[in-house]
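# An overview of the molecular structure
The residues making up each chain are set out below.
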Amino acid sequence: MEIVLIRLNPGRGPDPGHRAAADAVLPAVVADIVWANAVPDDELEHIRARPGPRPGSIDLALFHRHAGPRPPETSLRVARRAITASPLLAGWAAEPCTQASPVTLED
């Protein structure tokens, strides 16, 4: 099993209420949206979601079941597919987490 850490950031829509709407998106809802848009080839086993460090952002840990490492693009593709398919996430962006922008998944 492999874990890949991703951060989802809300877009900056022209609607002034867009930021407030992004802040209201719950991590559990985003995890459900990602699950709903996963396909068998993604080999997704588990998702953990938490609020990110920036207002409205959400940090995801995607656990994939497969032998050997895969590039993070596989997880990014899953997240971007969910963003494209969900009106709730319209304008959001997915990025891999790095040491400069680490994910914290502690309770």
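Residues numbered from 1 in each chain as written. Predicted model: local features only at pLDDT ≥ 70, side-chain atom pairs only at ≥ 80, totals over all residues. Heavy atoms only, no water.

Unlike most non-glycine residues, Glu43 shows phi in positive territory, near 50 degrees. Assignment of secondary structure puts Glu43 in the loop between helix H2 (27-37) and strand E2 (44-51). Taking the relative accessible area as the measure of exposure, Glu43 reaches 23% and is therefore partly exposed. (Helix = DSSP H or I, 4+ residues; strand = E, 2+ residues; numbered from the N terminus. Buried < 20%, exposed > 50% of the residue type's maximum accessible area, 1.4 Å probe, protein only.)

Here we take up a nonpolar patch on the surface. Together, Leu26, Val29 and Leu88 make up a nonpolar patch on the protein surface, roughly 250 Å² of accessible area in all. Looking at the element boundaries, Val29 is found in helix H2. Take Val29: its relative accessible area is 33%, and that puts it in the partly exposed class. (Patch = residues over 30% accessible without salt bridge, like charges linked within 9 Å, V, L, I, M, F, W, Y side chains within 5 Å. Areas by Shrake-Rupley, 256 points an atom, 1.4 Å probe, with all protein chains shown as cover. Salt bridge = Lys/Arg side-chain N within 4 Å of Asp/Glu carboxyl O.)

Within the element layout of this structure, Asn9 appears in strand E1 (residues 2-9). With a relative accessible area of 14%, Asn9 lands in the buried category. Sequence-distant contacts of Asn9, defined by excluding residues within four places in its chain, comprise Arg54, Ser57, Trp92, Ala93 and Glu95. (Contact = heavy atoms within 4.5 Å.)

What follows covers the pairing of E2. When E2 meets strand E3 (residues 58-64), the two strands line up antiparallel, connected through seven bridges. Pairing of Arg48 across the sheet is with Ala61, part of E3. Between the end of E2 and the start of E3, which pair antiparallel, lie six residues, with Gly56 showing a positive phi angle near 85 degrees. (Pairing = 2+ DSSP bridges.)

Okay, the pattern of salt bridges next. Tallied over the full model, the rule gives four salt bridges. Taking the shortest distance from any N to any O, the salt bridge between Arg7 and Asp59 comes out at 2.6 Å. On the criterion of sequence distance, the pair formed by Arg7 in strand E1 and Asp59 in strand E3 is long-range, its members being 52 residues apart. The two residues Arg7 and Asp59 agree in class, both being buried. Of the charged contacts in the structure, one is a salt bridge between Arg81 and Asp42, with a shortest N-O distance of 2.7 Å. A residue pair is termed long-range when its members are at least 10 positions apart, and Arg81 in helix H3 (residues 73-85) and Asp42 in the loop between H2 and E2 qualify at 39 residues. Relative accessible area serves as the criterion here: at 25%, Arg81 is assigned to the partly exposed category.

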